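Each chain is listed here by its residues.
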2 protein chains.
Amino acid sequence: MTGDPTLSLSGERLAAVYRLACGPAEVGARARAICVEQTVEFPADLVDDPAIQAQIIGEVASIEPIAPGRFEVVIRYPVEAAGRELTQLVNLLFGNVSLQPGVRLQGFTLPGSLLRHYRGPRFGTPGLRDLVGVQDRPLLCTALKPMGRSPEQLAALAYRLALGGIDLIKDDHGLADQSFCPFAERVACCTEAVAQANRETGSRSLYLPNITAPTDEIAGRARRAKAAGAGGLLVCPGLIGFDGVRALADDEALALPILSHPAFQGGYCVNPDAGLGHGVLFGQLNRLTGADAAIFPHWGGRFAFTQAECRDLVAGATCSMGAIRPILPVPAGGLRLERVTELCDFYGRDCILLIGGDLHAQGADLVTTCRRFVTLAQANGAAG
Amino acid sequence: MTGDPTLSLSGERLAAVYRLACGPAEVGARARAICVEQTVEFPADLVDDPAIQAQIIGEVASIEPIAPGRFEVVIRYPVEAAGRELTQLVNLLFGNVSLQPGVRLQGFTLPGSLLRHYRGPRFGTPGLRDLVGVQDRPLLCTALKPMGRSPEQLAALAYRLALGGIDLIKDDHGLADQSFCPFAERVACCTEAVAQANRETGSRSLYLPNITAPTDEIAGRARRAKAAGAGGLLVCPGLIGFDGVRALADDEALALPILSHPAFQGGYCVNPDAGLGHGVLFGQLNRLTGADAAIFPHWGGRFAFTQAECRDLVAGATCSMGAIRPILPVPAGGLRLERVTELCDFYGRDCILLIGGDLHAQGADLVTTCRRFVTLAQANGAAG
């Protein structure tokens, strides 16, 4: 088939950084194979169109050894292949090659022409701080639990947590629209409970219901939450898709902060030789979706992220991405009050500390415990 | 907080089968931890409501050693925790625990009361066969490639592939709505090209455009495809979410067969000690979404699935799931005509063989090569 003379791309390219697990004798061939797999997915020698060969197929920009049997490979793809769609950008970066062992997407850089398609976080770090009126310490978050409680019981809990000064009070991510805790009732009760506490304290605690839902129900739940006075939305991109989150963030009729929960995303990041780097998954991709903060399991809790992975996550949450705002990391996963100082040392002031069960394990009144959490954060915030 | 006397669940439970990588001294504790993590996600000893303890928290049904350091653990969760939503079912099965190393979801069994929430595949194996009018051999599929071709060039290709007798002609999954191949034009050209070939041959080749797209554009693209006369839809659940596919399958105004592509799902399955079993990811979950066939990389191609994993995949595609139809496995990923016999030996008649580049590598006219593909499949179909 002869070439189409009209294929005339800009020549501008985005860069993907992969980490490959292989020997030095194979890495060149593997890098070239990724160039082909992610674009034409067709034997390169059968592509008889010189324009496609030159303009479409990925280019290896660099190959660097980073450890024995580990290489960092930068591949550049034409921006037009990504189009203006997050679904296609993700596909281009890591669609088919995700199915190969020993390949991990460790980062990516988009030129301005691509970044301009993405609004990114409406609030981000500065906006979230302004919303809750807290500038000088980590923000604090907790969850309404456990599953099985009625809406009224969760509302009573939300009231006390807000009274105690927790900035963000979110649904447990397992609360959807179950018969024992229907969404509409829960949102109505909990928004009112938090609003009541705010009236009493003069504070600005936010309630964030979980609006992860069937495709055709997400927008309705988000609007109901907005109308009820919810302070934000909890979403699970692993369940509704990255672009499902992007659609919510871009909805001008909502204009609510969005907290991203990592449910079902573990497959992408628990294996260091596959999937996505932590900075990519929790940082860069969340920012492209417009999430304002990203929950993840901090090292040393119930999960097994390493310190290096947590640092990579922060880098992805805060690195320069044109006009795309930085977002707040939300370390979580079995954290305890006694670790607040250590957490602040690790993350600095710009984070949201998420503690759940431990607030109930102190043998003290919950409101008192929450105030202690605030005090601990303030003490470390001032020092940090 | 005292118990709410109204928590009164049915007692009916669904079963999740996990494979754990750990030692015999730890497996009991790890299993109980999953029971808690996936439901209350709260320290069990702080759950002061006996009804929640008894009715909500997961139960360990069995622990069996399956290999040194590997155990199969069955955990049962209350059906009410899953609600009627695929997003929440997936969350319940593998939300948080996906983030822990050494845990793999290897299967699940849903009672009738849960299965009834899911229509499943509209066509499935029998329906797809009826659509293309082929009962006695594997179906055949190929892709329109490479990226960079114009709509008109892809249509010319589609015409020849249909003339040659390929049953399902799908978009390359990298074709979205890029400037060099806009969706609307591509769908219009290719549906007409395949229709023209069908008129000439009397056959019923189907064209399946890729409608993976931003959240707010999926339905519109699907409807445009339907109106143009497309024979089915290609979707990537890894990019639009499982429930994004379910919404398409359930749309009575579409009523089109759905072909699932595994782009971006590799993180879930390339590590045998994490993520999802192949039968779960490609089989059971695809069936719940209503996909009619599931593309995956067959062993021995450009990817690295094992034979055992491919067999597990077939099991998940065909096992009993109430009224949820079985679906066709679509082995792919660098397959060649010379492997057709081996593929038919492995999968039997009930599969769709997807060959892409190799159809163009025979040094013969493409239509001739396609007819050879059909003949090979017929010969093996008759024997199988």
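Right, let's walk through the structure included here. The structure displayed is predicted, hence computed values, not measured ones.

1. Details of helix α9 (residues 218-228) of chain B
Think of an α-helix as 3.6 residues a turn; residues three or four steps apart then line up on the same face.
Residue and element names in this part refer to chain B.
Move 1: Regarding α9, the residues found buried are Ile218, Arg221, Ala222 and Ala225. Across the axial projection of α9, the buried residues extend over an arc of 100°, all falling on one side.
Move 2: Where α9 is buried, its residues contact α8 (183-201), β8 (233-235), α10 (237-240) and α11 (242-249).
Move 3: Phi turns positive, to about 105°, at Gly229, one or two residues after α9.

2. A word on the pattern of salt bridges
Move 1: Considering all chains together, one arrives at 50 salt bridges over all chains under this definition.
Move 2: Salt-bridge contacts for Arg302 of chain A lead to Glu37 of chain B; the nearest nitrogen and oxygen are separated by 2.6 Å. Taken as a pair, Arg302 of chain A in the loop between β11 (293-297) and α14 (307-318) and Glu37 of chain B in helix α1 (residues 24-37) lie in two separate chains rather than in one.
Move 3: Taking the shortest distance from any N to any O, the salt bridge between Arg246 of chain B and Asp243 of chain B comes out at 2.9 Å. Taken together, the residues Arg246 of chain B and Asp243 of chain B, both in helix α11 and three residues apart, mark about one turn of the helix.
Move 4: When its relative accessible area of 12% is taken as the criterion, Arg246 of chain B is described as buried.

3. Examining the sheet that holds strand β13 (residues 352-354) of chain B
Residues and elements named next belong to chain B.
Move 1: Within the open sheet, the four strands sit side by side as β7-β6-β5-β13. Their pairing is parallel. Looking at the sheet topology across the chains shown, the edges are occupied by β7 (206-208) and β13. Taken over all neighbouring pairs, the strand axes of this sheet differ in orientation by 25° on average, direction set aside.
Move 2: Where strand β5 (residues 139-144) and strand β6 (residues 168-171) come together, four bridges link them in parallel fashion. Counterpart to Leu144 in the pairing with β6 is Asp171.

4. Notes on the relation of the copies chain A and chain B
Move 1: If you rotate chain A by 180° and push it 0.0 Å along the axis, it lands on chain B with an RMSD of 0.0 Å. The superposition operator between the copies reduces to a two-fold rotation axis.
Move 2: Most of the interface of chain A is mirrored in chain B: 100% of its interface residues are interface residues there too.

5. Examining the side chain of Ser260 of chain A
Residue and element names in this part refer to chain A.
Move 1: Structurally, the position occupied by Ser260 is in strand β9 (residues 258-260).
Move 2: Residue Ser260 is classed as buried on the basis of its relative accessible area, which comes to 2%.
Move 3: There is a polar contact of 2.9 Å between the side chain of Ser260 and the side chain of Asn286.
Move 4: Sequence-distant contacts of Ser260, that is, excluding residues within four places in its chain, are made with Val235, Pro237, Asn286, Ala291, Ala293, Ala294 and Ile295.

6. What about the nonpolar core?
Move 1: Judged by nonpolar contacts, the single largest core of 238 residues is most densely connected at Tyr18 and Leu288 of chain A together with Tyr18 and Leu288 of chain B.
Move 2: Beyond its immediate stretch of four places on either side in the chain, Leu288 of chain B contacts Leu86, Leu89, Phe108, Leu110, Leu115, Tyr118, Arg246, Met321 and Ile324 of chain B.

7. Brief notes about the packing of helix α13 (residues 278-289) of chain B against helix α14 (residues 307-318) of chain B
Residue and element names in this part refer to chain B.
Move 1: Between α13 and α14, the least distance of the axes is 7 Å, while the angle of their chain directions is 20°. On the basis of the axis angle, α13 is roughly parallel to α14. Seen along the crossing, α13 lies across α14 with a hand that is right-handed. Residues His278, Gly279, Phe282, Gly283, Gln284 and Arg287 of α13 touch α14, and the partners they reach there are Glu309, Asp312, Leu313, Gly316, Ala317 and Thr318.
Move 2: Considering only residue class, the contact of α13 with α14 consists of three nonpolar, six polar and three charged.

8. Some details on the interface of chain A and chain B
Move 1: The interface is formed by 88 residues belonging to chain A together with 88 residues belonging to chain B.
Move 2: Summed over both partners, the interface of chain A with chain B buries about 7300 Å², with 59% contributed by carbon and sulfur atoms.
Move 3: On the surface where chain A and chain B come into contact, there are 18 salt bridges.
Move 4: Summed over the shared surface of chain A and chain B, the result is 35 residue pairs in polar contact (both at pLDDT 80 or more).
Move 5: Mapped by element, the contributors of at least two residues to the side of chain A that touches chain B are α3 (79-82), α4 (86-94), α7 (151-163), α10 (237-240), α11 (242-250) and α12 (266-269) of chain A.
Move 6: Residue classes in the side of chain A that touches chain B are distributed as 39 nonpolar, 30 polar and 19 charged.

Calculation criteria
Residues numbered from 1 in each chain as written. Chains lettered and ligands numbered in written order. Predicted model: local features only at pLDDT ≥ 70, side-chain atom pairs only at ≥ 80, totals over all residues. Heavy atoms only, no water. Buried < 20%, exposed > 50% of the residue type's maximum accessible area, 1.4 Å probe, protein only. Helix = DSSP H or I, 4+ residues; strand = E, 2+ residues; numbered from the N terminus. Arc of directions from axis to C-beta. Contact = heavy atoms within 4.5 Å. Salt bridge = Lys/Arg side-chain N within 4 Å of Asp/Glu carboxyl O. Pairing = 2+ DSSP bridges. Axes fitted to C-alpha atoms, helices over the stretch in contact; angles between N-to-C directions. Least-squares fit on C-alpha atoms with pLDDT ≥ 70 in both. Polar contact = N/O pair within 3.5 Å; in protein donor to acceptor, adjacent residues only side chain to side chain. Core = buried A, V, L, I, M, F, W, Y, C linked by side-chain atoms within 4.5 Å. Parallel < 35°, antiparallel > 145°, perpendicular 65-115°, else oblique. Left-handed = near helix turned anticlockwise from the far one by under 90°. Nonpolar A, V, L, I, M, F, W, Y, C, P; charged D, E, K, R; others polar. Buried area = accessible area lost by both parts, 1.4 Å probe.

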